Amino acid sequence: MPKTQKKEIIQTPKGTHDVLHGDIRYLNKIIEKAQEIAEFYGFLPIKTPHLEHAELFARPLGETSEVVEKQMYTLRTRGGDLLVLRPEGTAPIVRAYHQNGMISWPQPVKLYYEGAFFRHENPQKGRFREFRQFGLEILGDDDAVLDAQVIKIMYLTLAELKLKNLIIRINSIGDKNCRPSYKKELANYYKRKFNYLCKDCKRRFKDNPMRMLACKEKSCIELKAQAPQIIEQLCEACKTHFKSVLEFLDEGQIPYLLDHQLVRGFDYYGRTVFEIFMEEDKKETISEKTENQAKELNKKEEPAAQIALGGGGRYDELSTIMGGRKVPAVGWSLGLERIIHEMKKMALPSEASPKPSVFLIHIGPAAKRRAFNLMEDMRKSGI
Ligand code: AMP
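All values derive from a computational prediction rather than experimental measurement. (Residues numbered from 1 in each chain as written. Predicted model: local features only at pLDDT ≥ 70, side-chain atom pairs only at ≥ 80, totals over all residues. Heavy atoms only, no water.)

1. So, the overall build of the protein
Next up, step 1: A count of helical and extended segments in the protein gives 13 helices and 11 strands.
Next up, step 2: Its C-alpha atoms give the protein principal-axis dimensions of roughly 85 × 65 × 50 Å.
Next up, step 3: Expressed as a percentage of its 383 residues, the buried residues of the protein come to 48%.
Next up, step 4: Counted over contacts in the protein with a minimum sequence separation of 6, partners at least 24 positions apart contribute 77%.
Next up, step 5: As presented, the protein carries roughly 21,200 Å² of accessible surface, and 53% of it is formed by carbon and sulfur atoms.
Next up, step 6: If you average the places of the 62 positive and of the 52 negative side-chain charges in the protein, the two averages end up 6 Å apart. (Helix = DSSP H or I, 4+ residues; strand = E, 2+ residues; numbered from the N terminus. Buried < 20%, exposed > 50% of the residue type's maximum accessible area, 1.4 Å probe, protein only. Contact = heavy atoms within 4.5 Å. Areas by Shrake-Rupley, 256 points an atom, 1.4 Å probe, with all protein chains shown as cover. Lys, Arg positive; Asp, Glu negative; His and termini not counted. Charge placed at Lys NZ, Arg CZ, Asp CG, Glu CD.)

2. Considerations on the site of the ligand
Next up, step 1: Around the ligand, 15 residues are found, and the nearest of them are Arg119, Glu121, Phe128, Gln133 and Arg264.
Next up, step 2: One of the side-chain N or O atoms of glutamate 121 is found 2.6 Å from a nitrogen atom in the ligand.
Next up, step 3: The residue makeup of the shell around the ligand, split by class, is 4 nonpolar, 6 polar and 5 charged. (Near = heavy atom within 4 Å. Polar contact = N/O pair within 3.5 Å; in protein donor to acceptor, adjacent residues only side chain to side chain. Nonpolar A, V, L, I, M, F, W, Y, C, P; charged D, E, K, R; others polar.)

3. Details of the packing of aromatic side chains
Next up, step 1: Applying the stated criterion to the full structure yields 10 aromatic pairs.
Next up, step 2: Plain terms: the ring middles of phenylalanine 117 and phenylalanine 131 are 6.5 Å apart, the flat faces sit at 35° to each other, and that makes the pair tilted. Here the residue phenylalanine 117 occupies a position in strand E5 (residues 109-118), and phenylalanine 131 occupies one in strand E6 (residues 130-139), the gap between them amounting to 14 residues. This pair shows no difference in class: phenylalanine 117 is buried, exactly as phenylalanine 131 is.
Next up, step 3: Seen in terms of ring centroids, tyrosine 268 and tyrosine 269 are 4.7 Å apart; in terms of plane orientation they differ by 55°. Their pairing is tilted. (Phe/Tyr/Trp six-rings, centres within 6.5 Å; stacked < 30°, edge-to-face > 60°.)

4. Considering the sheet that holds strand E9 (residues 272-278)
Next up, step 1: Strand order across the open sheet formed by 8 strands is E1-E5-E6-E11-E10-E9-E7-E8, with mixed pairing between neighbours. At either margin of the open sheet sits one strand with a lone partner, and together these are strand E1 (44-45) and strand E8 (256-258).
Next up, step 2: Across 4 bridges, E9 lies against strand E10 (residues 310-314) in antiparallel orientation. In the sheet register, valine 273 faces E10, and the bridge partner there is glycine 313. (Pairing = 2+ DSSP bridges.)

5. A word on the environment of alanine 34
Next up, step 1: Note on placement: alanine 34 falls in helix H1 (residues 21-40).
Next up, step 2: Along the primary structure alanine 34 and tyrosine 112 are separated by 78 residues, whereas in three dimensions their C-alpha atoms are 9.2 Å apart.
Next up, step 3: Excluding its chain neighbours within four sequence positions, the residues that come into contact with alanine 34 are Phe134 and Thr157.

6. Considering the sheet that holds strand E2 (residues 51-53)
Next up, step 1: The sheet built from 3 strands is open, its strands ordered E2-E4-E3 with antiparallel pairing. With partners counted over all chains shown, the strands left at the sheet margins are E2 and strand E3 (73-76), one partner each. Within the sheet, the average angular offset between the axes of one strand and its neighbour, ignoring direction, is 35°. (Axes fitted to C-alpha atoms, helices over the stretch in contact; angles between N-to-C directions.)

7. Notes on the environment of glycine 335
Next up, step 1: Mapping glycine 335 onto the fold places it in strand E11 (residues 329-335).
Next up, step 2: Judged by relative accessible area, glycine 335 falls into the buried class, the value being 16%.
Next up, step 3: The spatial distance from the C-alpha of glycine 335 to the C-alpha of leucine 374 is 43 Å, given a sequence separation of 39 residues.
Next up, step 4: When sequence neighbours within four positions are dropped, the list of residues in contact with glycine 335 reads Arg132, Leu309 and Gly310.

8. A word on the confidence of the model for the protein
Next up, step 1: Summary statistics for the protein give a mean pLDDT of 90 and a share of 92% for residues scoring 70 or more.
Next up, step 2: Below a pLDDT of 50 lies the segment residues 282-304, which in the model reaches 41 contacts outside its immediate sequence neighbourhood of four places, other chains included. (pLDDT = per-residue confidence, 0-100.)

9. Here we look at the pattern of salt bridges
Next up, step 1: Evaluation of the coordinates by the stated rule reveals 27 salt bridges.
Next up, step 2: A salt bridge links aspartate 147 to arginine 314, with the nearest nitrogen and oxygen atoms 2.7 Å apart. Pair noted here: aspartate 147 is in helix H5 (residues 144-160) and arginine 314 is in strand E10, with a separation of 167 residues, a long-range link.
Next up, step 3: Under the relative-accessibility criterion, aspartate 147 is labelled buried at 0%.
Next up, step 4: A relative accessible area of 0% places arginine 314 in the buried class.
Next up, step 5: Of the charged contacts, one joins glutamate 247 and lysine 243 as a salt bridge, the two residues approaching to 3.2 Å between their closest N and O atoms. Here glutamate 247 pairs with lysine 243, and both are found in helix H9 (residues 236-251), just 4 residues apart, close to one helical turn.
Next up, step 6: It is possible to trace a salt-bridge network through shared partners that takes in Glu66, Glu69, Lys70, Asp200, Arg203 and Arg204. (Salt bridge = Lys/Arg side-chain N within 4 Å of Asp/Glu carboxyl O.)

The following block contains the structure:
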């Protein structure tokens, strides 16, 4: 008799996972809190498709960004369209803003979203191929108070979920007026270090040297430490804007740390960029105003490599890059899996599961038939 072959049950694809009820209760709690604060500040919900045209991301994020270069799930449809599973939420929101005529609504337009995003990354701690984000965006205004408002909402969402030692790392990466000369200076610096760059950065060097500041390779992280900083080269308008953002954060007592080496992975960012972390080895968070103080802090209290719970920034040029009118905007997204992980680690409560108040027992087939409807009678009566 032929040996029966044991069939293996098919597992989820690498980097993806089922979300069971325990985590869903956390997910619901986080989304409810974020939604409650966002709604209070006048944000409207929006859902965009999981599938978008590939070109929506290619130029806005940058042809040589990690995401566009290596991480997009691309598919050719039967009709010949090149689509991708959305890797991030901001470009789709700007598309939706134009496509739905929001440009003629009273400005600014405030939107929030939640859902799954896809990046073909190497799965590791806190990094998945399908992950969930909650994000919000303010479109149509460049006032610095809005940068501070979104940062405040990001901070409050996590603080009201009882996460501790939260700190925002913040920087300004200038705009299209002051960034080109900085890029030149950076390119000069990296030219001298070219042989020490990783394979990818050697290629990025030509396209956008700022991208090298976001590289996660150890050798490139080391080179970054000595690289020229953009803060010294900001134009007056960018300096004033950034100073104003920081003043509003001080006013709102939001703890932040100036991090002049912070850049983000996508090309569309300009001016304010920020990420939020939980500092593990510090008892108190810090709010510092001056650059020198911040430098001192950076030297003394640089925490071990941490995982960002969320990040964002201003992207005044994104709409123009996409071919539309200029629409200054700012926003962020939070990584929901990472927040769930931290809440569980701290043994914080999730959303309460509904507690049953009646247990219906039936004995015998007639009672079983009766119970079939009785259960529904109780639900309808609000039991
Ligand atoms: P980004 O869209 O890259 O600005 O990321 C915003 C936030 O989303 C990050 O701070 C993370 O918390 C989360 N995130 C980004 N990529 C992943 C991933 N591959 N897996 C899990 N969370 C992620």
